[in-house]
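Structural overview for review
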Amino acid sequence: MSRALLVIDVQNEYFSGALPITHPAGHPEQILKAMDVAAGKVPTVVIQHHFPQPEMPFFQKETSGWELHSEIKARPHDLHVEKTMPGSFTGTPLEAWLKKNGITTVTIAGYMTHMCCDTTARQAVHRGFTVEFLRDATGTLDLSNEAGEVTAEELHRSILCAQQMLLSEVLDVERWIARIAG
């Protein structure tokens, strides 16, 4: 099995902007740990979101919130993908790159659990990839809109349960590290 680590949207907006990730505790450190262990062993793809629509209040190119987190920028990666939709496969070279490199399994880390991580995992399954979803290296926030309210913890747990049901294998970073070491 050949795998790639997908580090999705670890951008400043989620740390110092309008969308602070609050759950689970320790999520940034776990993402960095996965990247550090992957270095030289598992190809790593860093994915960065931007909205081309100027009326969107965040993820506008060349803004501070759009920038990758400095710790992500400082770590090695094999491919940088820019996307404009929640799914990392839509309108990007990701699928072609994975296939060219013989990747059969993708490991999901990053933000937000319920949006870009969930969508990317579903897209991967639909394209024939096996998916590993890192429960402690993905994160989300409290959500409130016209449909209702949900805490970050409830939202994260719900998405992980749905992913485990038919789509992904949900595991923590330590178990993933043991898997790639063996």
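Before reading further, recall that the structure is shown in the block above.
Definitions and limits used
- Residues numbered from 1 in each chain as written.
- Predicted model: local features only at pLDDT ≥ 70, side-chain atom pairs only at ≥ 80, totals over all residues.
- Heavy atoms only, no water.
- Salt bridge = Lys/Arg side-chain N within 4 Å of Asp/Glu carboxyl O.
- Helix = DSSP H or I, 4+ residues; strand = E, 2+ residues; numbered from the N terminus.
- Buried < 20%, exposed > 50% of the residue type's maximum accessible area, 1.4 Å probe, protein only.
- Phe/Tyr/Trp six-rings, centres within 6.5 Å; stacked < 30°, edge-to-face > 60°.

A short note on the pattern of salt bridges
- For the structure on display, the rule yields 14 salt bridges.
- For glutamate 174, the salt bridge goes to lysine 33, with nearest N and O atoms at 2.4 Å. You can see glutamate 174 sitting in helix H7 (residues 173–181) and its partner lysine 33 sitting in helix H2 (residues 27–38), a full 141 residues away along the chain.
- The exposure class of glutamate 174 is partly exposed, given its relative accessible area of 42%.
- Looking at lysine 33, the relative accessible area reads 32%, which means it is partly exposed.
- Among the salt bridges present, the one from glutamate 95 reaches lysine 99, with a minimum N-O distance of 2.9 Å. One end of the pair, glutamate 95, and the other, lysine 99, are both in helix H4 (residues 94–100), four residues apart, so they sit about a helical turn from each other.
- The class of glutamate 95 is partly exposed, set by a relative accessible area of 23%.
- Where salt bridges share partners, they join Arg3, Glu132, Glu169, Arg175 and Arg179 into one cluster.

Comments concerning the packing of aromatic side chains
- Evaluation of the coordinates by the stated rule reveals seven aromatic pairs.
- A ring pair is formed by tyrosine 14 and phenylalanine 59, whose centres lie 5.4 Å apart and whose planes are at 55°; its orientation type is tilted. Of this pair, tyrosine 14 sits in helix H1 (residues 13–16) while phenylalanine 59 sits in the loop between strand S2 (44–49) and helix H3 (70–73), and the two are 45 residues apart along the sequence. In terms of burial, tyrosine 14 and phenylalanine 59 fall into one category: buried.
- With 6.1 Å between their ring centres and 50° between their planes, phenylalanine 51 and phenylalanine 58 make a pair best called tilted.
- Three or more aromatic residues joined by ring pairs make a cluster, and in this case those are Tyr14, Phe15, Phe51, Phe58, Phe59 and Tyr111.

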